[in-house]
Amino acid sequence: MAKPASRTEEVMRTIRARIASRALAHGERLPSIRVLAATLKVSPSTVVEAYDRLAAEGVVRSRPGSGFYVSEGVATPTVNELQPRADRAIDPLWVSRQSLDASAQALKPGCGWLPPDWMPGAILRRAMRGLSHADDEALVEYGHSRGLLDLRQLLARRAATDGLDVGPEQILLTASGTQAIDLICRFLLKPGDAVLVDDPCYFNFQALLRAHQVRIVSAPYTPTGPDLARFAEVLTAERPRLYITNSAIHNPTGASLSAQTAQRLLTIASAHGLVIVEDDIFAEFEPEPSPRLAAFDGLTNVIRIGSFSKTLSASVRCGYIAARQDWIEALVDLQVATNFGGASPMASRLVFDSLMDTGYRRHVEALRRRLSGARRDATTRLANLGVKPWVTPRGGFYLWGRLPDGHDASDLARAALEQDVILAPGNVFSAAQTAPDFMRFNVGQMQDPRVFAVLKAALG
């Protein structure tokens, strides 16, 4: 439920509305503090705060001794500008744009995160209270070029439980998991290089690679990992520089890599000089750890990346890269050059304190149990609509489902969007466009029965 607006916010909303309706023109003087306070029946101090905040936003400006005036040329967004574009092409950015820009009333079974009330708000608030008592240096200074040492040491200890021997000096904190991949692409790729992805794969892998102007090639993904025969053929024919994948719980399929496939894949990759980026973002959703390419390889030709957006907070942006020492040194320089420093020291401290909170482990365990129930429920209800899961995931919140014969997922997504329901059609995940009849469902975002009502109506 949305938090009620404060009186200050109500005053700000009134002024913005008057500007939008042209009741207050650009350059015009705002009502005096005393007059507006009497008109809106609020205290003068409330109006002062509202005017000061509007001035900070650039909506109004102060003239000492004269009052507040509407800023010249201030842009007022129209209703259309505030809504997500429903008419844009359904491409690898479509689901992201629709989900991020959706109204508060929209249902988002196609998005890539859990609902706010599934996340550890109490833990984050405790961490923020602790941060509020930090000294000024921690609040205002640039951080260490590699990022907060405490968090890097924690990540090194966690990696050891996967059989990966890595020191904190081999870990670089980044602004996000996406920025981690971006840095690696900047470091290892040049325009025109080939990069291998799974088919299907996380759609933003494709979007980011296109931004780097590389060639995207793909190999089919199976319930135990990539199709190794096709994988080897692509390496021979296309000579990709990089392979980007998930190991723990694959996005979008929910599959897990088998030990046999992992070992054979590394043998093939090594013979072709292929560097592998292993996105480990879903690791904590596994009931038991599955094989990790980074652990088998020892970070020789595998780079591990991750972040904390799925189990902790997508708002507190912080990711990491674990790689061999010489690559980390180069990536540190690159991050300093492009970001002047690493991850936000405050974000890193919030993440570290939250992970160390005694309630975090219980939160993750409860999340796994809750998702297990939601997955069973969604699977049953989707089956009643003729949607069949490709695999039964070991954990996580994704179901990769095949639609009944004759149904196109993109058409279904467009129809659902008209009902304010955002879906994730299969071909946004497929570089080869081989999944027109598949859909990725987020079971954590399917608690509202309206999701299934809209799906039923769209499926006919």
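Q: Talk me through empty space enclosed by the protein; I want residue IDs and the actual numbers.
A: Counted by the stated rule, this structure contains 1 cavity of 30 Å³ or more. Space inside the largest cavity adds up to approximately 40 Å³. Together, Thr379, Leu382, Val387, Lys388, Pro389, Leu399, Gly401 and Phe441 line the largest cavity. Put simply, the parts of the chain that give the lining of the largest cavity at least two residues each are α16 (358–383), β11 (388–389) and β12 (398–402). The class makeup of the residues in the lining of the largest cavity is 5 nonpolar, 2 polar and 1 charged.

Q: Describe the packing of helix α9 (residues 177–188) against helix α10 (residues 203–211), with residues and values.
A: At their nearest, the axes of α9 and α10 sit 11 Å apart, and the two run at 40 degrees to each other. In terms of orientation, α9 lies oblique with respect to α10. The way α9 lies across α10 gives a crossing that is right-handed. Contact residues: Thr178, Ile181, Asp182 and Cys185 in α9; Asn204, Phe205, Leu208 and Leu209 in α10. Broken down by class, the residue content of the contact of α9 with α10 amounts to 5 nonpolar, 2 polar and 1 charged.

Q: So what's going on with the sheet that holds strand β14 (residues 438–442)? Which residues, and what values?
A: Ordered by their spatial adjacency, 4 strands build an open sheet running β11-β12-β14-β13, and the pairing between neighbours is antiparallel. Bordering the open sheet on either side are β11 and β13 (424–425), each of which pairs with just one other strand.

Q: Which residues make up the confidence of the model for the protein chain, and what values go with them?
A: Averaged over every residue, the pLDDT of the protein chain is 92; residues scoring 70 or more account for 95%. Scored below 50 in pLDDT, residues 77–83 makes 2 contacts in the model with residues more than four places away or belonging to other chains.

Q: Describe the packing of aromatic side chains, naming the residues involved and giving the relevant values.
A: Applying the stated rule across the entire model yields 15 aromatic pairs. When the ring of Phe231 is compared with that of Tyr243, the centres are 5.1 Å apart and the planes differ by 75 degrees; the resulting orientation is edge-to-face. Taken together, the residues span a long stretch of sequence, with Phe231 in helix α11 (residues 228–238) and Tyr243 in strand β7 (residues 242–246) at a distance of 12 residues. The same class applies to Phe231 and to Tyr243, which are both buried. Pairwise contacts between aromatic rings join Tyr202, Phe203, Phe205, Trp400, Phe429 and Phe438 into one cluster.

Q: Break down the sheet that holds β7 for me, citing the residues and quoting the values.
A: Strand order in the open sheet made by the 8 strands is β3-β10-β9-β8-β7-β4-β5-β6, with mixed pairing throughout. The open sheet terminates on both sides in strands that have one partner only, identified here as β3 (171–174) and β6 (225–226). Where β7 meets strand β8 (residues 275–279), 5 bridges bridge the pair, whose relative direction is parallel. The residue of β8 that forms the bridge with Tyr243 is Ile276.

Q: Lay out the pairing of strand β5 (residues 215–222) with the relevant residues and their values.
A: Both strand β4 (residues 194–199) and β5 contribute to a ladder of 6 bridges, which runs parallel. Paired with Leu196 across the strands is Val217, a residue of β5. When β5 meets β6, the two strands line up antiparallel, connected through 2 bridges. Of the residues in β6, the one forming a bridge with Thr222 is Gly225. Between β5 and β6, which pair antiparallel one after the other, the connecting turn spans 2 residues.

Q: Can you break down the nonpolar core residue by residue, with the values?
A: Ranked by internal contacts, the top residues of the largest apolar core, which has 48 residues, are Leu423, Phe441 and Leu455. When residues of this core are traced back to their parent elements, those giving at least two are α5 (94–100), α16, β12, α17 (409–417), β14 and α18 (450–459). Not counting residues within four places of it along the chain, the set of residues in contact with Leu423 comprises Trp94, Val95, Pro109, Gly110, Leu412, Ala413, Ala416, Met439, Phe441 and Leu455. One finds Leu228, Leu235, Leu265 and Ala294 within the second-largest nonpolar core, a separate group that totals 47 residues.

Criteria and thresholds
- Residues numbered from 1 in each chain as written.
- Predicted model: local features only at pLDDT ≥ 70, side-chain atom pairs only at ≥ 80, totals over all residues.
- Heavy atoms only, no water.
- 1 Å grid on protein atoms, 1.4 Å probe; cavity = no way out; pocket = protein on both sides within 12 Å on 5 of 7 lines; lining within 4 Å.
- Points joined across faces, edges and corners; volume = space filled by probe spheres on them.
- Helix = DSSP H or I, 4+ residues; strand = E, 2+ residues; numbered from the N terminus.
- Nonpolar A, V, L, I, M, F, W, Y, C, P; charged D, E, K, R; others polar.
- Axes fitted to C-alpha atoms, helices over the stretch in contact; angles between N-to-C directions.
- Parallel < 35°, antiparallel > 145°, perpendicular 65-115°, else oblique.
- Left-handed = near helix turned anticlockwise from the far one by under 90°.
- Contact = heavy atoms within 4.5 Å.
- Pairing = 2+ DSSP bridges.
- pLDDT = per-residue confidence, 0-100.
- Phe/Tyr/Trp six-rings, centres within 6.5 Å; stacked < 30°, edge-to-face > 60°.
- Buried < 20%, exposed > 50% of the residue type's maximum accessible area, 1.4 Å probe, protein only.
- Core = buried A, V, L, I, M, F, W, Y, C linked by side-chain atoms within 4.5 Å.

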